[in-house]
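Working through the structure, step by step
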Amino acid sequence: MRVRYFRYSAPGVFTLLVCLLAGSAQAQPWKQVKWAGDGQTFYQAEDKGISAYSAKNGQQTVKIDQALLTPKGQAPVQVEDFSYTPDEKKWLIYTKAQKVWRYKTRGDYWLLDIASGKLVQLGKGLPASSLMFAKFSPDGQKVAYVSGHNLYVEDLSTGKVKALTTDGSRRLINGTFDWAYEEEFDCRDGFRWSPDSRSIAYWQIDARKIRDFLMIDNTDSLYAYTIPVEYPKAGESPSACRVGVVDINTAKTTWLQVPGDPQQHYITRMEWNPAKTGLILQQLNRKQNTSILYTASPATGKAKELYKETDSAWIDIRSRWNDQLAGWDWTEGGKSFIWVSEKDGWRHLYSVDMNGKEKLLTPGKYDIINLLYVDEARNQAFVMASPDNATQECLYKVTLDGKGTLERVSPVTEEGTHEYEISPTGDYALHSFSNHYYQPRSEVVYLPEHKEAQSRIVTELQTSRFAPRQEFFQVTTADGVTLDGWMARPTNFDSTKKYPVVFYVYGEPAAATAKNQYGAGRNFLYDGDMAADGYIYISMDNRGTPLPKGREWRKAIYRNVGQINMEDQANAAMALFKRHAYLDTSRVAVWGWSGGGGMTLNLLFRYPQIYKTGIAIAAVGSLFTYDNIYQERYMGLPQENRADYVKGSPVTYAKGLVGNLLYIHGTGDDNVHYQNAELLQNELIRNGKQFQFMSYPNRTHGISEGEGTFEHLSTLYTNYLKAHCPPGAR
């Protein structure tokens, strides 16, 4: 369940770098800046080919021109993504990408041989735009990919395509994942080449026992039809999952013998050991409070427990603390690896050897936000952290011997949010910085000094037109809980007058809203300038949001979604009203999207003395309707604690509506189903509550499809807010 992020356009000449590094909502999660193996050059797709940039001086050269990307008698291939062999003699060009749920993960692939200039399309005979996650074998002689839920390998010398699995279907998925795994575990690319290029390890997801949720399309034909999505809701067993190793020559699969019922656990990460000793994988039990790392033999399939951890709430998977969706953080050539745990109350790095022995590397009362780069040669790792201000993210370095302290690398003068793509050698990084005052700035820097390289590929800091009216604050509730937040004040603010207040909320473990980054204080959905119209705009992060404030802060929400986050938000609002007389308590609105939409409903229904108007978009009306991976992770199993689900669901409190409600939902939402809208409407109708409702036909969770949709939504939102929470000072 994801929050709707701020929209913005990145300025400057180096737009792609800004987009990739500044948290753009449109960036694809598997994409990254493509560093060359020497760490001195990186590559970027241009309109007419692929360019190379020197990290040292910014010099641009053409790596692959449009002529090389033009098949005989056809239009040039448009590059949407690319990869290459370590010697850079062969390139894979990804094009004609199509969406699979959230992201464009299927399309066409072309092979370019640099020496001969030969350009050949892969997967001939397979449906157009059906290839997924194509990648070279380590020896560069073959490419493997998924098409139609089956795994294929193509010999680059002969062009022969061989099916490695043949039983794939919509419900039996080889080499990729079902909806729930993709959405909640960031699992998309579901196969890995062995180091010797002789076999491939892959996931198989068996969703044949998962019930379909049927979405109805009423507009694209004379007769309505249903669109099935295999979707396990809270309380339903997960899809069965197993990992197999298929021999490239024989196409025979050996299944790993991972203990436990495959329909009552998850396999969330799997990789080969670079020391060629087999595979390693992470298994979570269904409640996701026990994590076991197994090693496995690809020849026999036998699995052995290596490292086990339990938690009274839940355990995060690797993608929560390492943005690289594939790979394992190996050290000593595969004899050990870096792992992250909250077992001492803080999110820390540990070194774990292949006997399961662990060593704490980052002692102290602070959290690691993200692990970016491990530099064994220099006995250090680069991490993201912010021990003193939870609204920020900065680069730090730590030693790998466990004896050092956290040392800041990001400039102390740059308060806000930093992002980095570090080169393979650790000498350079592509760096982006922004805060609520400055639009994103991108540059190439030397590490660890963080000195700007002599590169022309830089975008300068530009002041946001929203910035002067914003401030960050902390507020402590009557219960003693301190929340971080931001406030955007009106133009020509006069503290002797009273202004309407609009709260933006999310409040669940998937995201935070009060971070110091570009877009903070800006309402992307408002048609106009809220400050000029005379609104005060506020957002705060309650307990349970993923901030670097320690395990107890983050996991206080366990079995309390819809409870503790509501209390924190309402109590913090009351504390602000007491602090600031200019907040007009008769004109208070709240809005949110997805989990924030559910919070909006809960706040409006349960705290009518505070919130007078609510706008809820794609909201979760009942916790029982959302997918099992997300909801059971944070709420437990409904079979065991059904009352917690009832207490956290907005439909339970619909009878409490006193103020004004605008509810908005797309009928084609495969994430938070339109079912939520109708369940909520029934409760409101049964209790005689008047409200305004808008459905968007066949629009998905982002309500972005179709000409004029965003403009319509923005106008609807703005008009309703102005009508029921009038702007301006009084």
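Residues numbered from 1 in each chain as written. Predicted model: local features only at pLDDT ≥ 70, side-chain atom pairs only at ≥ 80, totals over all residues. Heavy atoms only, no water.

**With respect to the overall build of the chain**
Defined as follows: Helix and strand labels come from DSSP, where a helix needs a run of H or I of at least four residues and a strand needs a run of E of at least two; each type is numbered from the N terminus. Two things to know: the radius of gyration comes from C-alpha atoms, and the globule rule equals 2.2 Å times the number of residues to the power 0.38. Exposure categories follow from relative accessible area, calculated using a 1.4 Å probe and restricted to protein chains: below 20% of the type maximum is buried, above 50% is exposed, and the middle band is partly exposed. Residues count as neighbours in contact if any of their non-hydrogen atoms are within 4.5 Å of one another. Accessibility throughout is a Shrake-Rupley quantity obtained with a 1.4 Å probe, and a residue counts as covered only by protein chains that appear here.
Assigned secondary structure in the chain consists of ten helices and 45 strands. What you see for the chain is a C-alpha radius of gyration of 26 Å, in line with the 27 Å of a compact globule of 730 residues. Scored against the burial criterion, the 730 residues of the chain give a buried share of 60%. In the chain, once contacts between residues fewer than 6 apart in sequence are set aside, the share between residues at least 24 apart is 60%. By element, 47% of the accessible surface of the chain is carried by carbon and sulfur atoms, the whole surface being about 28500 Å².

**Things to note about the pattern of salt bridges**
Our working rule: Salt bridge, as applied in this entry: a Lys or Arg side-chain nitrogen positioned within 4 Å of an Asp or Glu carboxyl oxygen.
Taken as a whole and assessed by the stated rule, the structure comprises 38 salt bridges. Measuring nitrogen to oxygen at the nearest pair gives 3.6 Å for the salt bridge that ties Glu-182 to Arg-188. Accessibility assignment for this pair places Glu-182 and Arg-188 in one class, buried. Of the charged contacts in the structure, one is a salt bridge between Lys-515 and Glu-393, with a shortest N-O distance of 2.7 Å.

**Regarding unusual backbone geometry**
Here Leu-447 and Pro-448 are connected by a cis peptide whose omega angle stands at 5 degrees. Assignment of secondary structure puts Pro-448 in the loop between strand 35 (441–446) and strand 36 (451–452). For Ile-703, which is not glycine, the phi dihedral falls at a positive 45 degrees. Mapping Ile-703 onto the fold places it in the loop between strand 45 (692–696) and helix 10 (709–724). We classify Ile-703 as buried; its relative accessible area is 0%.

**A short note on the sheet that holds strand 23 (residues 303–310)**
Spelled out, the test is: When DSSP finds at least two bridges between two strands, those strands are taken to pair. The axes are straight lines fitted to the C-alpha atoms, using for helices just the contacting stretch, and the angles between their N-to-C directions are given from 0 to 180°.
Reading across from one edge, 20-21-22-23 is the order of the four strands in this open sheet, with antiparallel pairing throughout. Each of the sheet's edge strands pairs with one partner strand only, and the pair in question is strand 20 (265–272) and strand 23. Averaged over all neighbouring strand pairs, the angle between strand axes comes to 20 degrees, with direction disregarded. The pairing of strand 20 with strand 21 (residues 279–285) spans seven bridges and is antiparallel. The residue of strand 21 that forms the bridge with Met-270 is Leu-281.

**Details of the packing of aromatic side chains**
What describes a pair of aromatic rings is the distance from one ring centre to the other and the angle between the planes of the rings. To keep things clear, this is the line we draw: Planes of paired rings set the category: under 30 degrees apart is stacked, over 60 is edge-to-face and the rest tilted, where pairs are Phe, Tyr or Trp rings (Trp by its six-membered ring) whose centres lie within 6.5 Å.
Under the defined criterion, the tally for this structure stands at 43 aromatic pairs. Each ring, one from Trp-35 and one from Phe-42, has its centre 5.2 Å from the other, and the planes form 65 degrees; the classification is edge-to-face. By relative accessible area, which is 10% here, Trp-35 ends up buried. Each ring, one from Trp-328 and one from Phe-337, has its centre 5.9 Å from the other, and the planes form 75 degrees; the classification is edge-to-face. Of the two residues, Trp-328 and Phe-337, neither departs from the other in class, the shared state being buried.

**Let's talk about the sheet that holds strand 45**
Sheet architecture is open: eight strands sit in the order 38-39-41-40-42-43-44-45, paired in mixed fashion. Across the chains shown, the open sheet's two edge strands, defined by having one partner strand only, are strand 38 (470–476) and strand 45. Strand after strand, the sheet turns through a mean of 20 degrees between neighbouring axes, direction not considered. Against the sheet, helix 5 (residues 564–579) engages strand 38, strand 39 (482–488), strand 40 (499–504), strand 41 (536–541) and strand 42 (583–593), with an angle of about 110 degrees to strand 38. Packed on one face of the sheet, helix 10 meets strand 40, strand 42, strand 43 (613–617), strand 44 (660–666) and strand 45 and runs near 175 degrees to strand 45.

**Side note on the UniProt feature "domain: Peptidase S9 prolyl oligopeptidase catalytic" (unreviewed entry) in the chain**
What counts is decided by this rule: UniProt positions are given in the numbering used here, feature names are shortened, and annotations may be inferred rather than shown by experiment.
With numbering aligned to this structure, UniProt lists the feature "domain: Peptidase S9 prolyl oligopeptidase catalytic" (unreviewed entry) at residues 530–717. For the annotated span residues 530–717, helix accounts for 41% and strand for 18% of the residues, and the straight-line distance between the end C-alpha atoms is 12 Å.

**Overview of the packing of helix 7 (residues 628–635) against helix 8 (residues 638–648)**
Formally: Every angle not falling under 35 degrees, over 145, or within 65 to 115 is termed oblique; those three ranges are roughly parallel, roughly antiparallel and roughly perpendicular. Any residue outside Ala, Val, Leu, Ile, Met, Phe, Trp, Tyr, Cys, Pro, Asp, Glu, Lys and Arg is labelled polar, Gly included; the first ten of those are nonpolar and the last four are charged.
One way to put it is that helix 7 packs onto helix 8 with a least axis distance of 11 Å and a crossing angle of 75 degrees. Between helix 7 and helix 8, the angle falls in the class roughly perpendicular. Side by side, helix 7 and helix 8 meet where Gln-631, Glu-632 and Met-635 of the first sit next to Pro-638, Asn-641, Asp-644 and Tyr-645 of the second. Taken together, the residues of the contact of helix 7 with helix 8 sort by class into three nonpolar, two polar and two charged.

**Remarks on empty space enclosed by the protein**
Counted only if it meets this: Site definitions follow a grid-based scheme: protein atoms alone, a 1 Å grid, a 1.4 Å probe that fits but cannot get out for cavities, and for pockets an open set with protein on both sides within 12 Å along at least five of seven lines, plus lining residues having an atom within 4 Å of a point. Grid points are joined across faces, edges and corners, and a volume is the space filled by probe spheres set on the points.
Applying the stated criterion across every chain, the model contains four cavities of 30 Å³ or more. As for the largest cavity, its lining consists of Glu-309, Asp-311, Ile-315, Asp-316, Trp-321, Val-340, Ser-341, Glu-342, Arg-347 and Lys-555. Residues that form the lining of the largest cavity fall into these classes: three nonpolar, one polar and six charged. By volume, the second largest cavity amounts to about 70 Å³. Lining the second largest cavity are 14 residues, with Glu-508, Gly-595, Gly-598, Met-599 and Leu-623 positioned closest to its centre. When residues of the lining of the second largest cavity are traced back to their parent elements, those giving at least two are helix 5 and helix 6 (595–606). The greatest single-element share of the lining of the second largest cavity, amounting to four residues, is contributed by helix 6. Counted by class, the lining of the second largest cavity contains six nonpolar, seven polar and one charged residues.

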